[in-house]
Amino acid sequence: MFNNRTLDQIKKLKTPFYYYDTGLLHKTLAALKSAADVNGYLVHYAVKANANEKILRIISEYAFGADCVSGNEIEQALQCGFKPKDIVFAGVGKSDDEIVYAIKNGIFSINCESLQELEVIDYFSGLQHKKSRIALRVNPNIDAHTHQNITTGLSINKFGISESDLYSIFDHPNNYENLEFIGLHFHVGSQITNAEVFVNLCNKINQIQSNLYEKNVTLPHLNVGGGLGINYESPVNQIPDFGAYFSLFEKNLLLFENQKLHFEPGRSVVGQSGMLITKVLYVKENLGQKTIICDAGFTELIRPALYHSNHKILNITSGSHSQIYDVAGPICESTDYFARGVLLPETQRGDLIAILSAGAYGEAMASQYNLRSLAAKYFSEDIVKQELVY
Ligand SMILES: *Cc1c(COP(=O)(O)O)cnc(C)c1O
């Protein structure tokens with residue numbers, strides 16, 4: 001996967017570490033930009049997928065906005081070149097301090113998730129003598145048909161305002177003196193690979209917009225969130241088909257005149273540009289079952305343990321005949337596996353393993369459980385000034 005020169009460099013680095021292919025990230029961002037520009041769609045990168053400073057700086061170069069879910073993410077986005085007017089702030093549990101910080105910075109919109117939160121934002125906006133722009137996050141009760149731990153748009157999920165509460169807000173919009181309602185916001189889940197989910201979302205939004213229209217409410221912005229899935233099975237050099245994704249909305253979503261459509265992709269922007277490199281500490285065999293014990297575990301990449309996700313795993317230093325292995329980490333937990341029963345070249349202590357498609361929700365979800373150190377991160381251009389050869 002790497003050319004020999006790169007591999008020689010990589011072998012010298014202390015493991016485990018994240019490796020980011022910034023060439024692929026740039027290509028992905030350029031593809032996203034040109035697809036979004038076709039229809040004048042506005043993109044806010046979901047910072048929570050990967051908040052690494054260098055990655056954020058690269059993304060902000062493309063004049064995208066940022067979708068933040070904490071005050072610290074807003075601060076990090078501002079520091080990395082995103083403009084306040086392009087930042088949206090979502091989250092089901094915004095603290096008072098975070099709300100005050102968002103108001104102070106005059107970000108584009110606070111995406112509000114409950115009636116009580118509206119009152120709190122209204123109160124703090126009044127204290128600052130400011131009018132805050134609000135998008136109402138609606139829970140559309142749509143099944144994302146993805147892993148249940150990353151489904152967010154069903155009414156059993158904690159996210160968003162119910163449709164009936166939404167309509168009640170517009171029965172008395174003047175209850176909130178310091179708020180300006182500018183849009184509706186939706187986000188139904190993550191790693192969505194079934195186009196029908198987005199079509200269902202569009203149909204639901206059309207219905208909600210038409211109900212609001214009957215109340216004489218037309219809002220200038222619609223934000224349909226993120227969720228576009230990536231190909232974990234054959235990830236090498238993959239750029240998601242943003243054109244096809246956007247055209248689903250172009251075909252199925254009815255916009256009012258001059259209404260702007262916003263998106264918040266996270267995983268699809270950064271997912272394929274990162275991998276986790278880990279060294280094999282031991283290969284053990286119990287009753288015929290071979291288990292590779294790596295020096296990375298769920299402290300570095302929790303997705304397999306948390307969502308039963310399957311990342312492609314490669315042994316990048318051995319190419320001999322294949323065997324079936326379980327691949328585990330060193331953490332003292334039974335869930336600390338990256339994969340079970342995968343075919344890999346015969347693997348030995350000291351080999352290097354690459355876990356692909358780890359650019360999103362990898363480094364960002366790292367922990368120091370077991371008092372482990374955080375993994376280092378390297379960027380392709382730091383290793384050799386030469387593109388990866390796959
Ligand atoms: C997580 C999240 C996103 C990004 O989701 P992806 O599946 O990574 O595209 C977008 N919007 C909101 C509100 C989110 O919570």
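Residues numbered from 1 in each chain as written. Predicted model: local features only at pLDDT ≥ 70, side-chain atom pairs only at ≥ 80, totals over all residues. Heavy atoms only, no water.

Trainee: Sorry if this is basic, but what is going on with the overall build of the protein chain here?
Mentor: Helix and strand counts for the protein chain stand at 12 helices and 16 strands. Computed over C-alpha atoms, the radius of gyration of the protein chain comes to 22 Å, within 12% of the 21 Å expected from 2.2 N^0.38 for 390 residues, which places it in the range of a compact globule. When its C-alpha atoms are laid out on the principal axes, the protein chain stretches across 70 × 40 × 35 Å. The buried share of the protein chain, taken over its 390 residues, is 55%. Restricting to contacts in the protein chain with at least 6 residues of sequence separation, those with at least 24 account for 73%. Working note: accessible area of the protein chain is about 17,200 Å², and carbon and sulfur atoms make up 49% of it. Here the protein chain contributes 33 positive and 41 negative side-chain charges, whose respective centroids are spaced 7 Å apart. (Helix = DSSP H or I, 4+ residues; strand = E, 2+ residues; numbered from the N terminus. Rg over C-alpha atoms; globule rule 2.2 N^0.38 Å. Buried < 20%, exposed > 50% of the residue type's maximum accessible area, 1.4 Å probe, protein only. Contact = heavy atoms within 4.5 Å. Areas by Shrake-Rupley, 256 points an atom, 1.4 Å probe, with all protein chains shown as cover. Lys, Arg positive; Asp, Glu negative; His and termini not counted. Charge placed at Lys NZ, Arg CZ, Asp CG, Glu CD.)

Trainee: What exactly am I supposed to notice about the domain arrangement of the protein chain here?
Mentor: Interfaces are often sized by the amount of accessible area the parts lose when they come together. Domain annotation of the protein chain identifies domain 1 (4-16 + 272-389) and domain 2 (22-265). With both sides pooled, the region where domain 1 packs onto domain 2 buries about 2,000 Å², and carbon together with sulfur makes up 50% of that total. On the domain 1 side of the contact with domain 2, Q272, Y361 and F379 bury the most area, a combined 32% of that side's loss. Along the contact surface separating domain 1 from domain 2 lie 1 salt bridge. (Domains from an automatic or database assignment. Buried area = accessible area lost by both parts, 1.4 Å probe. Salt bridge = Lys/Arg side-chain N within 4 Å of Asp/Glu carboxyl O.)

Trainee: Would you mind showing me how to read the packing of aromatic side chains here?
Mentor: Each aromatic ring pair is specified by the distance between its two centres and by the angle formed by the two planes. Counted under the stated rule, the structure contains 19 aromatic pairs. Note on F17 and Y378: the rings are 5.1 Å apart at their centroids and 90° apart in plane angle, and the pair reads as edge-to-face. Taken as a pair, F17 in strand 1 (residues 17-20) and Y378 in strand 16 (residues 376-379) lie far apart in primary sequence, 361 residues in all. In this structure F17 comes out as buried when scored by relative accessible area, which is 0%. Take Y378: its relative accessible area is 23%, and that puts it in the partly exposed class. With centroids separated by 5.5 Å and ring planes inclined at 70°, the aromatic side chains of Y41 and F246 adopt a geometry described as edge-to-face. With Y41 in the loop between helix 2 (22-39) and strand 2 (42-46) and F246 in helix 9 (residues 242-252), the pair connects residues that are 205 residues apart, well separated along the chain. By way of ring pairs, the aromatic residues Y41, F198, Y245, F246, F249 and F263 are connected into one cluster. Sitting above the plane of the F379 ring, K54 keeps its charged end 4.8 Å from the centroid. Taking NZ or CZ as reference, K94 lies 5.5 Å from the ring centre of F89, over its face. (Phe/Tyr/Trp six-rings, centres within 6.5 Å; stacked < 30°, edge-to-face > 60°. Lys NZ or Arg CZ within 6 Å of the ring centre and 35° of its normal.)

Trainee: Looking at this structure, I do not really get the environment of P16. What am I missing?
Mentor: Here P16 shows up in the loop between helix 1 (4-11) and strand 1. Sequence separation between P16 and L306 is 290 residues; the distance between their C-alpha atoms is 20 Å. Excluding anything up to four places from it in sequence, P16 contacts L276, I277, T278, D295, A296, E300, A375 and A376.

Trainee: Before we go on, may I ask you to explain the environment of N39 in this structure?
Mentor: Positionally, N39 belongs in helix 2. You can call N39 partly exposed: its relative accessible area is 31%. As a C-alpha pair, N39 and S247 span 208 residues in sequence and 8.8 Å in three-dimensional space. Among residues more than four places away in sequence, those in contact with N39 are F246 and E250.

Trainee: Quick question: what am I supposed to make of unusual backbone geometry here?
Mentor: Here T15 and P16 are connected by a cis peptide whose omega angle stands at -10°. A positive phi angle, near 50°, is found at H145, a position not held by glycine. The phi torsion at L287 lies on the positive side, around 50°, for a residue other than glycine. By the secondary structure assignment, L287 is in the loop between strand 10 (274-286) and strand 11 (289-294).

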